[in-house]
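The lines below spell out each chain.
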Amino acid sequence: MNSRDSEHMIAELREKEGYEVTDDLSSADLIIINTCSVREKPVSKLFSELGVFNKKKKEGAKIGVCGCTASHLGTEIIKRAPYVNFVLGARNVSKISEVLHKERAVEIDINYDESEFAFNDFRTSPYKAYINISIGCDKSCTYCIVPKTRGEEISIPTELILREAQKAVERGAKEVFLLGQNVNNYGRRFSGEHEDINFSELLRRLSKIDSLERIRFTSPHPFHMDDEFIEEFASNPKICKSIHMPLQSGSTKVLKDMKRGYSREWFLNRVQKLRSMSPDVSISTDIIVAFPGESDEDFEDSLSIMREVEFDQIFSFKYSARPETEAENFTNTIDEDVASSRLTTLQNLSVEILDKKGKTHLGKIYRVYFEELNQNYYVSGRSDNNMFVKVKGSDELLGEFRDVKITEIGRSTLSGEIVG
Ligand code: SAH
Ligand code: SF4
C-alpha cells in the first residue's frame with residue numbers, strides 16, 4: 001500500500017511539478033520519506049534517517065515526511081526536525097503538489113476523502129499494476145494503529161478500478177494486484193452514489209478484461225471469507241491461487257482480546273474449504289507473538305495451528321504497543337525476554353515447515369510470469385501460487401509467461417528450466 005502511495009506521489013509530482021525520480025540523494029531537489037507506523041521500529045528509524053538526509057542533501061533541497069507516521073506524529077515531526085519542509089498523512093497523498101508550495105505545511109486529516117481522486121499515472125513496473133480498491137480501515141483490532149492513521153474505510157468506485165485496470169493492461173501489464181486493508185470487505189461504504197457491489201463481483205468484473213491474465217490481492221480478512229468469496233477464488237482461472245490469510249494468533253482467547261472477529265475454528269474451517277476447492281493454493285499468514293495476556297498455552301496454539309495448516313510463508317512479529325490503540329493500555333504485558341524467545345521458537349518452526357514444503361516443489365512445472373532481470377543473466381518472476389522462480393535467460397522473457405520445471409529449491413527462491 002505504501003509503494004502504491006509512493007507511485008501516486010511520483011505521478012502527481014511528475015505531471016504537475018515536472019519532477020523526475022532519481023536514486024542520487026545528493027542531486028535530489030526533493031526528498032520524500034514515505035513512512036510506516038504499524039510497529040515502533042520504523043518510527044524510531046525515521047528521525048535517524050532524517051538526520052542523514054539533511055546532512056547529505058544539496059543546498060536548498062526540500063524534505064517531506066509522508067505516510068502513517070506523518071498522520072500520527074504531525075507537527076511533532078517539524079518540532080523534532082525543523083528542517084522538514086512538509087508533513088503529509090497517508091490519507092492526504094493527493095495534496096502532494098499543494099504542500100510542496102507551502103512553508104512547513106502539515107496535512108494529516110484522516111477524514112479527508114481521496115476515494116474518488118483521479119491520480120495521474122505512474123507505475124514502477126510495466127508488468128504488474130498495483131490498484132487501490134479501498135482506503136482506510138473500519139476494524140478495531142486492539143493492537144493496530146492503522147484506523148488512526150488511514151481513517152475510516154471507503155471503497156473506491158468500481159468504474160475507477162476497472163478503468164485503471166484497463167489502462168494498465170493497454171500499457172502491457174498482464175497482472176493486477178488489488179490493495180486494501182480488508183479487500184474482501186469491498187463495497188462496505190462508497191463516498192458518493194455508486195453501484196453497490198461486493199468483492200466477489202468486483203473480481204468477476206475485472207476478470208472480464210481481455211488480456212488481463214492474473215489477479216492478485218492483499219489483504220483479505222479471515223472474518224469476511226464467506227463461501228461466495230472462496231468459490232469465486234477457486235473457480236475463477238484469472239485469480240492466482242495464492243492467498244494471504246492474516247491469522248495473528250492460533251488462540252481463540254487471544255483473537256478475542258485482539259478483537260479479530262473470528263475463532264481458531266473458523267480460520268481452520270476456511271483453510272479447509274479453500275484447500276478442498278483449490279488443492280494447489282498456497283497460503284501465507286501474519287502472526288503476532290507475545291500479545292498482552294498470551295499464556296504459554298496460547299502461544300502453543302499458534303505453534304500447533306502452524307503445524308496443522310503448514311503455511312507457505314509466515315510473517316511473524318513481536319507485539320509492539322502502539323499509541324492510541326486499545327491494547328496500549330492492557331497491563332498484562334509479556335516480558336521482553338519471553339517475547340523474544342517465543343519469536344525465535346516460532347521462526348524456527350516456520351523454517352522447519354518451509355524446508356519440508358520446499359521439497360514438494362522439486363520437479364513440478366509452474367507457469368511463471370517474468371518480471372525482473374537479475375545479475376548473471378537470471379530472469380525471475382512468480383508462479384501462479386506465488387513462488388519466486390528464476391531461470392537463466394535474457395530480457396526477452398520479461399512480461400512473458402513460460403512453463404518452468406523446478407530443478408533446485410532454496411528457502412525463498414526456486415530455480416528451474418523453461419520447458420514450454
Ligand atoms: N489489514 C491487515 C494488516 C495490516 S498491518 C490485516 O488485518 O491483516 C500488517 C501486519 O502487521 C498485521 O497483519 C499484523 O500481523 C502486524 N501488526 C499490526 N500491528 C501490530 C503491532 N502493534 N505489533 C506487532 N505487529 C503488528
Ligand atoms: Fe489493522 Fe485490523 Fe484494520 Fe488490519 S483489519 S488494518 S490489523 S485494524
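Data block above holds the structure.
Residues numbered from 1 in each chain as written. Chains lettered and ligands numbered in written order. Predicted model: local features only at pLDDT ≥ 70, side-chain atom pairs only at ≥ 80, totals over all residues. Heavy atoms only, no water.

A. Structural detail: the packing of helix α9 (residues 227-235) against helix α11 (residues 264-277). Where α9 meets α11, the axes come as close as 9 Å, and the angle between the chain directions of the two elements is 30°. On the basis of their axis angle, the class for α9 and α11 is roughly parallel. For the pair α9 and α11, the crossing hand works out as right-handed. Contacts between α9 and α11 involve Asp227, Ile230, Glu231, Phe233 and Ala234 on the former and, on the latter, Arg270, Lys273, Leu274 and Met277. Residues that form the contact of α9 with α11 fall into these classes: five nonpolar, no polar and four charged. (Axes fitted to C-alpha atoms, helices over the stretch in contact; angles between N-to-C directions. Helix = DSSP H or I, 4+ residues; strand = E, 2+ residues; numbered from the N terminus. Parallel < 35°, antiparallel > 145°, perpendicular 65-115°, else oblique. Left-handed = near helix turned anticlockwise from the far one by under 90°. Contact = heavy atoms within 4.5 Å. Nonpolar A, V, L, I, M, F, W, Y, C, P; charged D, E, K, R; others polar.)

B. Structural detail: the sheet that holds strand β11 (residues 282-289). The strand order β10-β11-β12 describes an open sheet built from three strands, whose pairing is parallel. Both edges of this open sheet fall to β10 (242-244) and β12 (313-318), since each of them pairs with a single strand only. Between one strand axis and the next, the sheet turns by 15° as a mean value, whatever way the strands run. Here β11 runs beside β12; their pairing, made up of six bridges, is parallel. Note that in β12 the partner of Ser284 across the bridge is Gln313. Set on the sheet, helix α13 (residues 336-359) makes contact with β11 and β12; between it and β12 the angle comes to about 175°. (Pairing = 2+ DSSP bridges.)

C. Representation of the site of ligand 1. The immediate surroundings of ligand 1 are formed by 14 residues, with Tyr143, Gln181, Gln248, Asp286 and Ser320 found nearest. Residue Arg39 places a side-chain N or O atom 3.0 Å away from an oxygen atom belonging to ligand 1. Arg260 is positioned with one of its side-chain polar atoms (N or O) 3.1 Å from an oxygen atom of ligand 1. Taken by itself ligand 1 offers 540 Å² of open surface, and the protein chains cover 90% of this. Among the elements of the structure, β11 and β12 are those that each provide at least two residues to the shell around ligand 1. Residues that form the shell around ligand 1 fall into these classes: six nonpolar, three polar and five charged. (Near = heavy atom within 4 Å. Polar contact = N/O pair within 3.5 Å; in protein donor to acceptor, adjacent residues only side chain to side chain. Areas by Shrake-Rupley, 256 points an atom, 1.4 Å probe, with all protein chains shown as cover.)

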